[in-house]
Amino acid sequence: MQLSGNKVFPTSPVQTFALLTNPDVIIRCMPGLKSLKPNGNNQFDAELEVGVAGIKGTYQGNLQLADVNPGESYRMRVTGEGPMGFMESEVQVRLVEDEEGTQVNYQGEAKVGGTVAGVGQRVLSGVAKLLINQFFNGVVKEAKQE
Amino acid sequence: MIPNAFAFERVNTVEAALDRLGADGEAKLLAGGHSLLPLMKMRLSSPSKLIDISGIDALRGVRREEGRIIIGALTPHREVAVHPLVQAHLPALAQAAAQIGDLQVRNRGTLGGNLAHADPSSDLPAVALAYDAELTVVTAEGSELLPVDGFFLAPLTTAMPEGGILTQVSFVIPPEGAHSVYEKYSHPASGYAVVGVAAVVALTSGRVSHIRVGITGAGDAAYRATAVEEALLDQVWSRERVQAASRHADENGGIGEDLFASEAYRRHLCQVYTRRALERLG
Amino acid sequence: MVGVIGQAIKRREDPRLITGQGQFTDDIQLPGMVYAAILRSPHAHARVAHINVEEARSHPGVVAVYTGKDLEGKLGLLPTAWLPPNSDIKTTAHPALAVDRVRYVGDGVALVVAKDRYIARDALDLIHVTYEVLPAVVNQERAMEPGAPLLHEDAPDNVAFHWQVGNATDEVFARAEVVVRHHIHQQRLIPNPMEPRAAVAQFHPSNGDLTLWCTSQNPHIHRFILSGLLGMPEHKLRVVATDVGGGFGSKIAVYADEALVAYAARDLKRPVKWSEDRRENFLATTHGRDHYQFIELAGKRDGTLEAIRVRAVANMGAYLSTAAPGVPTILFGLIVSGPYTIPYAGVDVYGVFTNTTPTDAYRGAGRPEATYLLERMVDLFAREIGMDPVELRRKNLISQDQFPYHNPMGLEYDSGNYTRALDLALDKADYAAFRTRQQELRAHGRYVGIGVTTYVEICGLGPSQIAGAVGFQGGLWESAMVRVHPTGKVTVFTGTSPHGQGEETTFAQIVADKLGIPVEDIEVVHGDTARIAMGWGTYGSRSTPVGGGALTIATDRVIEKAKKIAAHILEVGEEDVEFNEGSFQAKGDPKRRASFQEVTLQAYLAWNLPQGVEPALEGTAFYDPANFVYSFGTHVAMVEVDADTGEVKLDRYIAVDDPGRVLNPMIAEGQVHGGIVQGVGQALWEGAVYDNQGQLVTGTFMDYAMPKAHFFPEIETRFTETPSPHNPLGVKGIGETGTIASTPTVVNAVLDALQPFGVKEIEMPLLPERVWRAMQNGRENG
């Protein structure tokens, strides 16, 4: 499943980058992220409860930031495994300054396996879009408060 | 297909249901169960408790109140489909309800359960949009009226407040002389709508005086094709205008894709089925 | 009752099945029974680094947990039982539970046994497996490329086998006037019997016997193979297939699950039940088809077909299932020249491992793949030379006086009147009128099309000598015993194992007709290795030709013996006794007679039997047929394509089939209906889809489209009867004809409708979007 989109932030690239990669902000804004424990070298052990309405799966996994170029770009990789199967997503995030603040562009791919992959494909991309939007909207909200 | 263990309680009043919902954040309401139970059997949904509201008789039935038809949330699809008031005033709803699942599903599945579940391919959301429905949701704080526009947010996601119960749905009877229709392209596997178009049109002296187009199945949530409506409102009804207006049918929704139909094809189907629906009304 | 053959009597099995009185494997309840559930891999390809079962094992109500390592050396590896000769086949190790590696989503990883099925299911979520995910490959052509993920170290390039046959040389193609070449993908299908698989095993500590009830199309084959896996003498193992709710080939294979249940029952000394849920059925029960084919058809400008050559790459999935290698080879390759007088044919097939559910027989098994490609090619050839496709067929059909006909692969077609079936079908369809109407409608922007298929099917699998020659690791004869009880009532024991085909009715008709007794006096017993000496089961449309042949001979033996006794009673010579309408009578003296029941009673009382005649009355036959049988016919479909959306509407469907002889027209018609529906399912709706990491994304009936009754017009069926000389009843198969013929018929009809758009190929299933895109391309390219 391809993931891609754009989001405008009112903050500068440096500020936006700091927000997007701040574990405290991530945990507040990422839907269903229950805990995030640093594991060194931009890696975190994560506990996620991903889904919509009553359809949620609990995943134990890992969140990793890689190829980090502060203010410019990074890659975020989230993996998880649970009774409903597994998920793995990797997104390349790029930040570009514009007159409103910062254009954040993300592109990547998500893979799901197990029950969700077999039975949920009809709604998967819609749900993924929803969750990503919730995340960015949450961070934008925090950016506006800065 | 065995769900995780859950508690079960049957309640007879809305108050009791609210009380149980408030007491357990992981509890879910059970009405007809035709959307929820399959999810539970797949273990995609594992509520701690099912609060069975199917026996609350007050939430069942169809009545007319001034310019509206009011349907209790627990009214099963079959009852909706064959009810004389629905057939007389909301024919598109009768048609859509008659196409849901099979007879067994229609006998158990409920109007309220269907709308609250907000499956993006479900038939009824399109019809609710076309008849300017209002949804009554009761919470511990009281009752509120939610317009259908803005109710369906994303797959399986609505504007319902947490812990709320959808108790009834009120549909506006279209103006005198209006016609309405539901045109559906069924998925060969599930029978759900790949695209479903509910349209209501009234003409006054040959001009479109009232128009609503609700579309389901095509996107992440059902939507009103306002671009189509605007292109036709106040215009003289003609085949050419209908064809031209239908080309806007995919503009207002977040059109999605799945294995069965790509985004481009879904956009095309929106246009074709909107045109077909409207052509049946002129 | 003499004359009951050919009558449309109602299926005797139906009252119990439609009133919920059927006894399916899952209905079996035994004292002290425990329940099994199987943990299946969510990954298509991974190393199993570690399995922690402690939490599951200590969960209240859990009786036992087994992993692959626990079973090593205790439970044998699953064998492959069809080894096509000269194919360099790699029968790689297939343990019942993965030991260190999983190779498809659904591969078994652990077995939980608990005191109820709910606890067993819950406990699956408490097993913690550490997987190291490996790259997966799902497409068989990708899997053959250098550098593709390797499934089995002993199968380089993932090639499981490579099989070639035929006489079609390059030279034949080089000198041909016309050669049409084409690529076809036969998509993967999921058989979806109404009843998923299930198994119940009970160990009897008193004598060391084990009884296994399971959803099998061939319980004796199950016993044969499982006795080896379990290390249990065959006579200590009883396998019972009670009512089985359809199989379509998917219940031929011996699965890991059945072996595991039997193993656990013996190990725990308690009855164990396992029932597959529908999701498991999608993942862990064999799939069908999935071929890439490149075909060349050569001939003359006048329409004479001369040679056909096919290169096919078959997706075998992660392991070779029991009968799987025979499907894309023997059952496919030997019949690619079909019902036509094509002198040269050649087939070159690779069977390839991928990280997908294993494939095996699925209704038609190989023959639909062959018929589809041939019929598609014939239509393309007709278009190429500007000839009507029906005329091209007629010109090349084997004529009545050419039988027995030897096809280029060495098969001997028994009998046929192919043009009669064609004429009958065209007459019903009013072909010429359709062509006229088609032109008229096109002028109005409506696109209707007609597809005509003439087919021949190799079926009635036997004889054993050929089975051996083609690498089938078993015989293909059949057994029957007719036991006449003292009161003249009859129990028939057959080695076939019907699971929806209606043999409890048709086999009783065979016996009733011969013995002149009512059908109600006959009980047909099947599917139990303890009650039936031996049998090879039900598949390949073999039950009536082979099992019915055995039954005919066994019944004749009863009559032969009864005649001796009757002669003795009537005090005439044996040669002077006639058996008519259930009564023995002296020739020329109709008053001297004894009924079948009277003679039977005397056989059992044995007070006064002729010298040398033993008491009792039974007939047994172990019958090996003379050869295969070849059903044939013509199917016609008429469709309309929605020019706006690409939706295909089936307007009419006409089937003319020749199964040699029709024993029960209603049952035969039912078989044809079901077959057509499945075949059209492949043409228009069904298709199993994996994503590129090996997840089956059509994993439920929400996405995998099974045909529904309302998708179809009333199917118009007719039969012609051209008896086969290869078996005593003269019958051929009817269970698979519909599936074999209908897929190309409908696809050719759609492509015929789309001729104005210049469309030559749409990949199956012909989903509306694919049809719409094909039309769009046609419009754009003028």
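Computed from a predicted model, the values in this text were never measured in an experiment. (Residues numbered from 1 in each chain as written. Chains lettered and ligands numbered in written order. Predicted model: local features only at pLDDT ≥ 70, side-chain atom pairs only at ≥ 80, totals over all residues. Heavy atoms only, no water.)

Regarding the packing of helix H7 (residues 219–230) of chain C against helix H8 (residues 256–268) of chain C
Residue and element names in this part refer to chain C.
1) Next: Two numbers describe how H7 lies on H8: the axes approach to 11 Å, and their chain directions differ by 55°. When the axis of H7 is compared with that of H8, the two are oblique. Like other packed secondary-structure pairs, H7 and H8 cross with a definite hand, here right-handed. Contact residues: H7 offers His222, Leu226, Leu229 and Leu230, while H8 offers Glu258, Ala259, Ala262, Tyr263 and Arg266.
2) Next: The class makeup of the residues in the contact of H7 with H8 is six nonpolar, one polar and two charged. (Axes fitted to C-alpha atoms, helices over the stretch in contact; angles between N-to-C directions. Helix = DSSP H or I, 4+ residues; strand = E, 2+ residues; numbered from the N terminus. Parallel < 35°, antiparallel > 145°, perpendicular 65-115°, else oblique. Left-handed = near helix turned anticlockwise from the far one by under 90°. Contact = heavy atoms within 4.5 Å. Nonpolar A, V, L, I, M, F, W, Y, C, P; charged D, E, K, R; others polar.)

Some thoughts on the interface of chain B and chain C
1) Next: Every contact between the two is made by 24 residues of chain B and, on the other side, 30 residues of chain C.
2) Next: Buried area between chain B and chain C, summed over both chains or domains, comes out near 2100 Å², and the portion from carbon and sulfur atoms is 60%.
3) Next: Two residues, Asp125 of chain C and Arg43 of chain B, come together in a salt bridge whose shortest N-O distance is 2.9 Å.
4) Next: Per-element tally for the side of chain B that touches chain C: the top contributor is helix H11 (residues 263–279) of chain B, with eight residues.
5) Next: A class-by-class count of the residues in the side of chain B that touches chain C yields 16 nonpolar, five polar and three charged. (Buried area = accessible area lost by both parts, 1.4 Å probe. Salt bridge = Lys/Arg side-chain N within 4 Å of Asp/Glu carboxyl O.)

Regarding the sheet that holds strand S21 (residues 522–526) of chain C
Residue and element names in this part refer to chain C.
1) Next: If you walk across this open sheet you meet the four strands as S21-S20-S19-S25, and the pairing is mixed. The open sheet has two edge strands with one neighbour each: S21 and strand S25 (617–623). Across the sheet, the mean angle from the axis of one strand to that of its neighbour is 15°, orientation sign disregarded.
2) Next: By the bridge criterion, five bridges tie strand S19 (residues 478–484) to strand S20 (residues 490–494) in an arrangement that is antiparallel. Note on S20: the bridge partner recorded for Met481 is Phe493.
3) Next: Sitting on the sheet, helix H18 (residues 596–605) touches S19 and S25, and the angle it makes with S25 is about 95°. (Pairing = 2+ DSSP bridges.)

Some details on a negative patch on the surface
All names here are of chain C.
1) Next: On the surface, a cluster of negative charge is made up of Glu560, Glu574, Glu575 and Asp576.
2) Next: Looking at where Glu560 falls in the secondary structure, it is placed in helix H17 (residues 543–570).
3) Next: Judged by relative accessible area, Glu560 falls into the partly exposed class, the value being 44%. (Patch = residues over 30% accessible without salt bridge, like charges linked within 9 Å, V, L, I, M, F, W, Y side chains within 5 Å. Areas by Shrake-Rupley, 256 points an atom, 1.4 Å probe, with all protein chains shown as cover. Lys, Arg positive; Asp, Glu negative; His and termini not counted. Charge placed at Lys NZ, Arg CZ, Asp CG, Glu CD. Buried < 20%, exposed > 50% of the residue type's maximum accessible area, 1.4 Å probe, protein only.)

Observations regarding the confidence of the model for chain C
1) Next: Confidence along chain C averages 97 in pLDDT terms, with 100% of residues attaining 70 or more.
2) Next: Interface scoring of the predicted complex returns ipTM 0.95; its pTM is 0.96. (pLDDT = per-residue confidence, 0-100.)

Regarding the pairing of strand S22 (residues 577–580) of chain C
Residues and elements named next belong to chain C.
1) Next: Alternating positions in S22 separate cleanly, Val577 and Phe579 being buried on one face and Glu578 and Asn580 remaining unburied on the opposite face.
2) Next: With four bridges connecting them, S22 and strand S23 (residues 583–586) associate as antiparallel partners. Bridged to Val577 within S23 is Ala586.
3) Next: Between S22 and S23, which pair antiparallel in sequence order, lie two residues; one of them, Glu581, sits at a positive phi of approximately 45°.

Structural notes on the packing of helix H19 (residues 665–684) of chain C against helix H20 (residues 737–753) of chain C
Residue and element names in this part refer to chain C.
1) Next: Two elements in contact, H19 and H20, have axes whose closest approach is 7 Å; the angle formed by their N-to-C orientations is 40°. Taken together, the axis directions place H19 and H20 in an arrangement best described as oblique. Handedness of the H19/H20 crossing: right-handed. Where H19 approaches H20, its residues Val672, Gly675, Ile676, Gln678, Gly679, Val680, Gln682, Ala683 and Leu684 are matched on the opposing element by Thr737, Gly738, Thr739, Ser742, Thr743, Val746 and Val747.
2) Next: For the contact of H19 with H20, a count of residues per class yields seven nonpolar, nine polar and no charged.

Section: the packing of aromatic side chains
1) Next: Overall, the coordinates contain 26 aromatic pairs over all chains when judged by the stated rule.
2) Next: Between the aromatic rings of Trp477 of chain C and Phe622 of chain C, the centroid separation amounts to 5.7 Å while the plane-to-plane angle is 75°, which identifies the pairing as edge-to-face. With a gap of 145 residues between them, Trp477 of chain C in the loop between helix H15 (464–469) and S19 and Phe622 of chain C in strand S25 connect regions that are remote in the sequence.
3) Next: With a centroid separation of 4.3 Å and 25° between ring planes, the pair formed by Phe579 of chain C and Phe584 of chain C is classed as stacked. Each member of the pair, Phe579 of chain C as well as Phe584 of chain C, is classed as buried.
4) Next: Taken together through their ring pairs, the aromatic side chains of Phe9, Tyr106, Phe135 and Phe136 of chain A make up a single cluster.
5) Next: Its end group placed over the ring of Tyr273 of chain B, Arg276 of chain B keeps NZ or CZ at 5.4 Å from the ring centre. (Phe/Tyr/Trp six-rings, centres within 6.5 Å; stacked < 30°, edge-to-face > 60°. Lys NZ or Arg CZ within 6 Å of the ring centre and 35° of its normal.)

Description of the interface of chain C and chain A
1) Next: Between chain C and chain A, the contact holds 15 residues from the first and 13 residues from the second.
2) Next: The junction of chain C with chain A conceals about 1100 Å² of combined surface from both sides, 52% of it contributed by carbon and sulfur atoms.
3) Next: Per-residue buried area on chain C facing chain A is highest for Arg279, Gln693 and Asp703 of chain C; these three make up 36% of the total on that side.
4) Next: Across the contact surface, chain C and chain A share zero salt bridges.
5) Next: Counting across the interface, chain C meets chain A through three residue pairs in polar contact (both at pLDDT 80 or more).
6) Next: Taken together, the residues of the side of chain C that touches chain A sort by class into five nonpolar, six polar and four charged. (Polar contact = N/O pair within 3.5 Å; in protein donor to acceptor, adjacent residues only side chain to side chain.)

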